[in-house]
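Read off the chains here:
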Amino acid sequence: MSYTLFIGNKNTDAWSMGPWVLMKQAGIAFNEQPVRSDATESLELKKALRAVTPLGKLPVLVDPSLGSNPSIWDSLAMCEYLAEVHPELNLWPTDRTARARARSLCAEMHAGFQEMRAMCPMNIDARLPSIGERLIHKNNAFCEDLNRLVNMWQTQLKLSGGPMLFGQFSIADAYFVSMCMRIRTYALPVSPPVQAYISRILALPSVAEWIAKAEQDADFFIHETPSLQA
Ligand SMILES: N[C@@H](CCC(=O)N[C@@H](CS)C(=O)NCC(=O)O)C(=O)O
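Quick look at the structure, then. Counting from 1, residues in each chain are numbered in the order their sequence is written. Totals for whole chains, interfaces and linings use all residues, but because this is a predicted model, local features are given only for residues with pLDDT of at least 70 and pairs of side-chain atoms are given and counted only at 80 or more. Only heavy atoms go into the side-chain values, all of them from the structure, while hydrogens and water stay out.

The local shell around the ligand holds 10 residues, among which Asp 13, Lys 57, Leu 58, Asp 74 and Ser 75 are the closest. Leu 58 places a polar main-chain atom, nitrogen or oxygen, 2.7 Å from a nitrogen atom of the ligand. We call two N or O atoms a polar contact when they sit within 3.5 Å, provided that within protein one can donate a hydrogen and the other can accept it, with sequence-adjacent residues counted only if both atoms are side-chain atoms. In this structure, an oxygen atom belonging to the ligand sits 3.3 Å away from a side-chain N or O atom of His 110. Throughout, the term near means that a residue has one or more heavy atoms lying within 4 Å of the molecule or strand in question.

Any carboxyl oxygen of Asp or Glu that lies within 4 Å of a side-chain nitrogen of Lys or Arg is treated as forming a salt bridge with it. Tallied over the entire structure, the rule returns 5 salt bridges. For Arg 148, the salt bridge identified is with Glu 108, shortest N-O distance 2.7 Å. Pair noted here: Arg 148 is in helix 7 (residues 140–160) and Glu 108 is in helix 4 (residues 96–111), with a separation of 40 residues, a long-range link. Here Glu 209 makes a salt bridge to Lys 213, at a shortest N to O gap of 2.9 Å. Of this pair, Glu 209 and Lys 213 are both found in helix 11 (residues 205–216), 4 residues apart, which corresponds to roughly one turn of the helix. To sort residues, take the accessible area from a 1.4 Å probe on protein chains only and compare it with the maximum for the residue type: under 20% means buried, over 50% means exposed, and anything in between is partly exposed. Here Glu 209 falls in the partly exposed class, since its relative accessible area comes to 28%. Segments assigned H or I by DSSP are reported as helices when at least four residues long, segments assigned E as strands when at least two residues long, and all are numbered from the N terminus.

On to the nonpolar core. Taken as a class, soluble globular proteins show a tendency for nonpolar side chains to be buried jointly. By nonpolar core we mean a set of buried residues, namely Ala, Val, Leu, Ile, Met, Phe, Trp, Tyr and Cys, connected to one another through side-chain atoms within 4.5 Å. Residues Met 17, Leu 61, Trp 153, Phe 176 and Ile 183 are the most contacted members of the largest nonpolar core, which totals 70 residues. Looking at which element gives the most residues to this core, the answer is helix 7, with 8 residues. Viewed by domain, this core spans two of them, domain 1 (3–89) and domain 2 (96–228), each represented by three or more residues. In contact with Phe 176, other than residues within four places in its own chain, are Leu 105, Met 109, Phe 113, Leu 149, Met 152, Trp 153 and Leu 165. Of all hydrophobic cores here, the second largest spans 7 residues; its members include Val 35, Leu 49, Val 52 and Val 60. Where each domain begins and ends is defined by an automated method or by a domain database. By the convention used here, residues are in contact when the closest approach between their heavy atoms is within 4.5 Å.

We treat two strands as partners when DSSP finds at least two bridges between them. Strand order across the open sheet formed by 4 strands is 2-1-3-4, with mixed pairing between neighbours. The open sheet is flanked by strand 2 (30–34) and strand 4 (71–72), the only strands paired with a single partner. Of the strand pairs in this sheet, strand 3 (residues 60–62) and strand 4 are connected by 2 bridges, and their pairing is antiparallel. Bridge assignment links Val 62 to a residue of strand 4, and that residue is Ser 71. Whenever a helix is involved, its axis is fitted only over the stretch in contact; in every case the axis is a line through C-alpha atoms, and angles between N-to-C directions fall within 0 to 180 degrees. Against the sheet, helix 1 (residues 14–26) makes contact with strand 1 (3–7), strand 2 and strand 3, and its axis sits at roughly 150° relative to strand 1, the strand it touches most.

Now the structure itself:
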């Protein structure tokens, strides 16, 4: 029996994109169970998800080999779990120092970048440069998030020599993929090395596949988008 990954809408569900890209890119087979993200408040989403997690948030990874409690209901927890179950895939960097840094970066993403997340929700098939420009000029907290992201990636690419954050593709790249999508949608200004990194991420087969499906699967909801309501 293989994994099942519950995910949201491919155009907008940033948290689902990371584990999906990680599994695809690493060649880990899984069944995909889409749950519409516009049903966040409805019973339908809660019913579909309650069977696998009481929290009702996406994504959820189900591994039947775990027996009667087969769910992992947080994106970082599932990345850690997959790295543990598939050590041969080197999903984290093999070097201990690099691995400690990679974990720190992912933890920072998991808990931080609140303003950027709130003001620039992932919306893959849209192009919203005027919103990006307004945020750059009017929102200091947003600019701090963006600067931190750019500095973090630039420093890390310099340390590893690229092409990915830690040399080879790792959980860290999968974890930041939704930030690459936001930078594209809102045309956010980034340095040339960071722009080149984003282009390499977008060219990964797994990312290209998600984007192509997101463009077919598009829907977007203004109530989820504070920056569009001004
Ligand atoms: N920290 C969680 C975040 C999960 C999350 O907030 N998922 C959103 C979808 S992007 C969700 O399910 N929202 C619905 C809700 O909050 O009820 C993770 O890393 O998996």
